[in-house]
Amino acid sequence: MSRALITAEGIASYLKTDKAYISIFESVDSTNTLLKEMALNGETEGRVIIALSQTEGRGRYDRKFQSDKGGIYMSILLRPKDLNIDSTLLTAAAAVAVSDAIEAVSGKSTQIKWVNDILINNKKVCGILCEGGFMGCDSFIVVGIGINAQKSENGFNDEIKDIAGTVFDDNCPAPCERLCAAVIDNLFYQYQSLEKCEFLNTYRKKNVILGKKVYILKQGKIINEGTALEIDNRCHLKVRLENGEITTLSSGEVSVKL
């Protein structure tokens, strides 16, 4: 990073899992894109790609994700035996993994916004993007994690400057290698015990959306609104619409003013 060097050896020194194989890049177009290409060429489960910047970083719905130096951009390759693994459940488990890692390393409290955003003081510090694919009869999932560790030299762009925050303050050393290791360890733990849903209580407890008025979006436009009622056992969101109808969202865009 521009203000905190990350090396594979440094991260490995903090790792507890023996299932991760780490590669560090100064810059890539997208860690998810690169790792999906590697997966299609037979890369094994546990490959972790970390970039210090991305030129074509993206979030859900192919939105551009600002990926300047100062952030941590990570993708992790999983090859689940269950071809029908629930992507919403995995995304929620990853959110808890990252949230717990940030708290352990930074000492700051985090919140989660359904499905995939991590917040500190109501400012987004991390987004998660899970993408899947097939290689023959084998499936794979790439878990992409973008963390605003520190602000870049140019700061956040106008589109996100009012809603984005950072994990670490700019005036102190950022223990990014420890954070990377904690994220990886937590993610593999949650992945291996996914069916037990051990993370679910934490996910609900940290979620800021419950009880709030939400706007359901499609392609960026509001198509309905209501109140977020609960997160079910598959991490789907139940919403009471303005007309009293109850609907369940498994994915999609939800906006809430915090």
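Residues numbered from 1 in each chain as written. Predicted model: local features only at pLDDT ≥ 70, side-chain atom pairs only at ≥ 80, totals over all residues. Heavy atoms only, no water.

Novice: Give a detailed account of the overall build of the protein chain, specifying residues and quantitative values.
Specialist: Tallying secondary structure elements over the protein chain gives five helices and twelve strands in all. When each of the 258 residues of the protein chain is scored for burial, the buried share is 53%. Considering only intrachain contacts with a sequence separation of at least 6, the fraction spanning at least 24 residues in the protein chain is 64%. (Helix = DSSP H or I, 4+ residues; strand = E, 2+ residues; numbered from the N terminus. Buried < 20%, exposed > 50% of the residue type's maximum accessible area, 1.4 Å probe, protein only. Contact = heavy atoms within 4.5 Å.)

Novice: Go over the pairing of strand S10 (residues 237-241), please, and point to the residues and values.
Specialist: A one-sided burial pattern is seen for S10, the buried positions being Leu237, Val239 and Leu241 and the unburied ones Lys238 and Arg240. Across five bridges, the pairing between strand S9 (residues 221-231) and S10 is antiparallel. Residue pairing across strands places Thr227 opposite Arg240, the latter belonging to S10. In textbook terms, the turn of a hairpin is the stretch between consecutive antiparallel strands, and for S9 and S10 this stretch comprises five residues, one of which, Cys235, has a positive phi near 65°. Bridge count for S10 against strand S11 (residues 246-249) is four bridges, and the pairing is antiparallel. Across the sheet, Leu237 pairs through a bridge with Leu249, a residue of S11. Hairpin connection, S10 to S11: the antiparallel pair is bridged by four residues, and Gly244 has positive phi, about 95°. (Pairing = 2+ DSSP bridges.)

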